[in-house]
Amino acid sequence: MLPPTRRVVLLGGFAAGATLIVGCSSSSEQPDAIEIEPTTPPPPDPNLLDELALIGAYVGAIEAFPELRGTLTTIADQHRAHARELGATEADLTAITPIPPSAANVRPAVTELIKRERSAADLRAESALAAETGESVRALTFIAASEASHVPELRDVRRGVQGRS
Amino acid sequence: MTYTDPAVVSTIQNAIRSEQNYVYACGIAGAELKGGGRRRAVAQIAEHQQRIQVLAALIQEDDVPTTPPAFSPPIAIDSARSARASLAQLNNALVGVYADMAASTEGADRAFAVAGAQSSARTAVQWGAASQAFPTGE
């Protein structure tokens, strides 16, 4: 079983964004100008924005609680893979700003990440239901499943830090 | 809805076969597991049989695959450890099966497939697998 093709989710939306207007001279019938009609850029994909925010939350949590670096880095890397699948560039990923956890203690900080993952899994599932192409549905289903699996993984992390916070 | 398009029927048949195999593997695993692990494996037999019934209702009766007499999991089950590893691997493989079904169905049937993929990925981690960006069971 192969993972979904990269960027399948956004390609359709961007491909429809530009309109070519071709003018022909009367003598040669060759195009004498190609103009690209200015179009409104497509709105940012909420799934991509959410993935970038999730990565920021993980980076922020790792900075605040370096002892969680192992598992959290692994999950953050999976979100980077999701973001790439949704069309993120390496520049997008490099520009991510850490989002510090609002909790001062490690346990509630992990709980925050669990809530974010649940919300992300729900959003990706809803988007899979609304997606128009089979490739998009498949990609979003894989991502929704991966994010759902982060919840029990983070619960294990939270159990491991119980009593240390 | 009853699907008759061969491509869609094929993805649903694949889901049924994978679920039948998972039920069989849960039975073997249950014999090796103890305590909570055994209880979970037994509970999952009923849960996945229920899924098979839902899937079977989506296609014509003649298209429903018969339950095979036996199944050899890719990770052989001969201990509690291998039982957990095998059930985790089979659950991750189910994610891809349900993703394929989601891509070829619509509405409530697609929602069922997406929920099946999410549940399978969660269960894989609960059996001890590490999460994956794109769970495939490989």
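Structure report, in brief. (Residues numbered from 1 in each chain as written. Chains lettered and ligands numbered in written order. Predicted model: local features only at pLDDT ≥ 70, side-chain atom pairs only at ≥ 80, totals over all residues.)

**What to know about the overall build of chain B**
Rules: To qualify as a helix, a DSSP run of H or I must reach at least 4 residues; to qualify as a strand, a run of E must reach at least 2; elements of each kind are numbered from the N terminus. The reference for a compact globule is 2.2 Å times residues^0.38; the radius of gyration itself is calculated from the C-alpha atoms.
Each helix and strand counted, chain B has 4 helices and 0 strands in total. In sequence order, chain B lays out its α and β elements as α-α-α-α. Taken over C-alpha atoms, the radius of gyration comes to 15 Å for chain B, in line with the 14 Å a tight globule of 138 residues would show. Expressed as lengths along the three principal axes of its C-alpha atoms, the size of chain B is roughly 40 × 35 × 20 Å.

**As for the packing of helix H3 (residues 80-104) of chain B against helix H4 (residues 107-126) of chain B**
All names here are of chain B. Let me state the cut-off plainly: For helices, the fitted line uses only the C-alpha atoms of the stretch in contact; every axis is such a line through C-alpha atoms, and the angle between N-to-C directions lies from 0 to 180 degrees. Reported orientations rely on four angle classes, namely roughly parallel under 35 degrees, roughly antiparallel over 145, roughly perpendicular from 65 to 115, and oblique for the rest. Put simply, a crossing is left-handed when the front helix is turned counterclockwise from the back one by less than a right angle, and right-handed when it is turned clockwise. Any residue pair is listed as a contact if its two C-beta atoms, each placed from the backbone, are within 7 Å. Note on residue categories: nonpolar means Ala, Val, Leu, Ile, Met, Phe, Trp, Tyr, Cys or Pro, charged means Asp, Glu, Lys or Arg, and polar means any other residue, Gly included.
Running from N to C, H3 and H4 cross one another at 160°; their axes reach a closest spacing of 8 Å. In this view, H3 runs roughly antiparallel relative to H4, as classed from their interaxial angle. Note on packing geometry: the crossing formed by H3 with H4 is left-handed. For the pair formed by H3 and H4, the contact residues are Ala 88, Asn 91, Asn 92, Leu 94, Val 95, Tyr 98, Ala 99, Met 101 and Ala 102 on the first element and Arg 110, Ala 113, Val 114, Gly 116, Ala 117, Ser 120, Ala 121, Thr 123 and Ala 124 on the second. Partitioned by chemical class, the residues of the contact of H3 with H4 number 12 nonpolar, 5 polar and 1 charged.

**Comments concerning the environment of Ala121(B)**
Among the structural elements, Ala121(B) can be located in helix H4. C-alpha separation for the pair Ala121(B) and Thr136(B), spaced 15 residues apart in sequence, amounts to 9.3 Å.

**Structural notes on the interface of chain A and chain B**
Listed as interface residues are 25 residues of chain A and, on the opposing side, 28 residues of chain B. Only helix H3 (69-85), helix H5 (106-130) and helix H6 (134-161) of chain A provide two or more residues apiece to the side of chain A that touches chain B. The greatest single-element share of the side of chain A that touches chain B, amounting to 14 residues, is contributed by H6(A). The class makeup of the residues in the side of chain A that touches chain B is 16 nonpolar, 7 polar and 2 charged.

**Thoughts on the environment of Ser120(B)**
Note that Ser120(B) resides in helix H4. Separated by 20 residues in sequence, Ser120(B) and Asp100(B) have C-alpha atoms that sit 14 Å apart. Once you skip the residues sitting within four places of it in the chain, Ser120(B) turns out to touch Ala145(A), Asn91(B), Leu94(B), Val95(B) and Tyr98(B).

**With respect to H5(A)**
Basically, it comes down to this: The span one expects for a helix is its residue count, reduced by one, times 1.5 Å. Partly exposed residues are those falling between the two cut-offs: more than 12 but fewer than 20 other C-beta atoms within 10 Å of their own, whereas 20 or more means buried and 12 or fewer means exposed, with C-beta atoms placed from the backbone.
Counted at 1.5 Å a residue, the expected span for H5(A) with its 25 residues is 36 Å, and the 36 Å between its end C-alpha atoms agrees. When H5(A) is considered as a whole, its buried residues turn out to be Val106(A), Ala109(A), Val110(A), Leu113(A), Arg116(A), Glu117(A), Ala120(A), Ala121(A), Arg124(A), Ala125(A), Ser127(A) and Ala128(A). On its buried face, H5(A) is in contact with helix H2 (46-64) and H6 of chain A together with H3 and H4 of chain B.

**Side note on the packing of H2(A) against H3(A)**
Residue and element names in this part refer to chain A. Axis separation between H2 and H3 bottoms out at 9 Å; the angle between their running directions is 160°. If you check the angle between H2 and H3, you find them roughly antiparallel. The interaxial crossing formed by H2 with H3 has left-handed handedness. Contacts between H2 and H3 involve Leu 48, Glu 51, Leu 52, Leu 54, Ile 55, Tyr 58, Val 59, Ala 61 and Ile 62 from the first element and Arg 69, Leu 72, Thr 73, Ile 75, Ala 76, His 79, Arg 80, His 82 and Ala 83 from the second. The residue makeup of the contact of H2 with H3, split by class, is 12 nonpolar, 3 polar and 3 charged.

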